[in-house]
Each structure stands twice: as C-alpha cells, then as structure tokens.
Amino acid sequence: MLETSRQWQLSKVLSGARCGRSHVSPGAVYCCVGTQEYCVPTVTLTAPVPVFMPILLTTGRHLLSSMAATVSYVAGTHSMAFVTAPSQEVAKKIASGLVKNKLAACVNIIPNVVSVYEWKEEINEDSEVLMMIKTRTSRLEELTKFVRENHPYDVCEVISSQIDQGNQPYLDWISSIVPDKTPPV
C-alpha cells in the first residue's frame, strides 16, 4: 500500500512538470515529454516516506523540467532587437506599429539612456530611449525595414541577438503572437 501511494504521489508531481502523460507500473513511473518516454524507477525506502519524498519530488521535477526544455526549444528561433529613439513618443509609435503588424510580441521602452557616439567627425552625447524588441528571428529583416521607414534618424540603430534559451511559456507566447515568416512559393 505504501509503495502504491508513493508511486501515485510521484506520478502526480511528474504529470504537473509539463509531461504530456504519465503512468505508474510496478517499480517505475513512466512519463512522456513530447514523443520521448522517460522511466523513473521507484525505490523501496526503509526510512519513513516523508523524510525522502521532498528530495525525490524536487529531483523529479528538475529532471523532467530540464528534459522538457531541451526537447521543445530550438536555440535561435527568437531574437531580441535593440533600437534607440530620440524620445518616448517616437519609441511608442514605432513599438505600437511593430506589435500591430505582428513583427514583435513585446517592446520594452527603457528611458534615460545616454548615447555617446561619433557622427560627421564630431563626438556627440544625446539622451535617448532604448527599445528592447522580442520577435522571431525569421522576421528580423521585415522588422528592420519597418523601423527604417518609421524612424526619424538618417541611420537608425537596429541590432539583434538570438535567444539561446529562456522561459519556455514566454518563448511559446512570442511564437503565438509573431507568425513565422512563410517561405516564398
């Protein structure tokens, strides 16, 4: 009875750790993540279950969470683009256009950035705002074009960096907002 109870508790925890499905068999708990099935052997404990259960449950959660993250995300699918603007009003206008046109899922506008740069053989120092834009990597070319067409600077900053990993639900949300670029037919 005690063994069955422990298996049920472990199965319950594992199924809450982003497993598609799980089931208990004598001596093991099976859990599926995507198309991969994982087997977690159960252990017959001589000490009282409450002593070891938190360790076992935590380890199971961490193990399956890392396996699920590895299975489900392809590094570089999403990117962050960085764009400076002369004012919050300009940044809000560009940000709204990017989100409305499904080129970005989210744009953070960071105020009070000081930029020091050389332009036309002079050193300049300007107060700007920085936009941190989350998007799909496949949409960066369109995003850059949109920014260039709507930005007041002659040469606007649009630089990007691919996202290697992150909170999977957040990355899934970006994918749900910004459609993948459809290849030409």
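Each value, and the rule that gives it
Residues numbered from 1 in each chain as written. Predicted model: local features only at pLDDT ≥ 70, side-chain atom pairs only at ≥ 80, totals over all residues. Heavy atoms only, no water. Helix = DSSP H or I, 4+ residues; strand = E, 2+ residues; numbered from the N terminus. Buried < 20%, exposed > 50% of the residue type's maximum accessible area, 1.4 Å probe, protein only. Contact = heavy atoms within 4.5 Å. Axes fitted to C-alpha atoms, helices over the stretch in contact; angles between N-to-C directions. Left-handed = near helix turned anticlockwise from the far one by under 90°. Nonpolar A, V, L, I, M, F, W, Y, C, P; charged D, E, K, R; others polar. Pairing = 2+ DSSP bridges. Phe/Tyr/Trp six-rings, centres within 6.5 Å; stacked < 30°, edge-to-face > 60°. Expected span 1.5 Å × (residues − 1).

(A) Spotlight on the overall build of the chain. Each helix and strand in the chain was counted, giving five helices and seven strands. Each helix and strand of the chain, placed in order from N terminus to C terminus, yields the pattern α-β-β-β-α-β-α-β-β-α-β-α. Counting every position in the chain, which comprises 185 residues, the buried fraction comes to 34%. Here the analysis covers contacts within the chain between residues at least 6 apart in sequence; of these, 66% occur between residues at least 24 apart.

(B) Quick peek at the packing of helix α3 (residues 88–100) against helix α4 (residues 140–150). Put simply, α3 and α4 touch, their axes get as near as 10 Å, and they point 145° apart. Where α3 crosses over α4, the handedness of that crossing is right-handed. Every residue of α4 that contacts α3 at Ile-94, Gly-97 and Leu-98 is listed here: Leu-143, Phe-146, Val-147 and Asn-150. Partitioned by chemical class, the residues of the contact of α3 with α4 number five nonpolar, two polar and no charged.

(C) Region of interest: the sheet that holds strand β6 (residues 122–136). Pairing is antiparallel in the open sheet, where four strands are placed in the order β5-β6-β4-β7. In this open sheet, the two edge strands, each paired with only one partner strand, are β5 (106–119) and β7 (159–163). Each neighbouring strand pair of the sheet contributes to a mean axis angle of 30°, computed without reference to strand direction. Two elements, β5 and β6, share 12 bridges in a ladder whose sense is antiparallel.

(D) Seen up close, the packing of aromatic side chains. Scanning the model with the defined rule gives one aromatic pair in all. Pairing Tyr-170 with Trp-173 gives two aromatic rings, centres 5.4 Å apart and planes at 40°, and the pair type is tilted. In this pair, Tyr-170 and Trp-173 both sit in helix α5 (residues 168–177), three residues apart, roughly one turn of the helix. Owing to a relative accessible area of 34%, Trp-173 belongs among the partly exposed residues under this scheme.

(E) Highlighting α3. Taking 1.5 Å per residue, 13 residues should reach 18 Å; α3 reaches 18 Å between its end C-alpha atoms and fits that length. Check the buried side of α3 and you find it contacts β4 (78–85), β5, β6 and α4. Remark: Lys-102 follows α3 within two positions and exhibits a positive phi of approximately 60°.

Function cannot be inferred from these measures alone, as they are strictly geometric.
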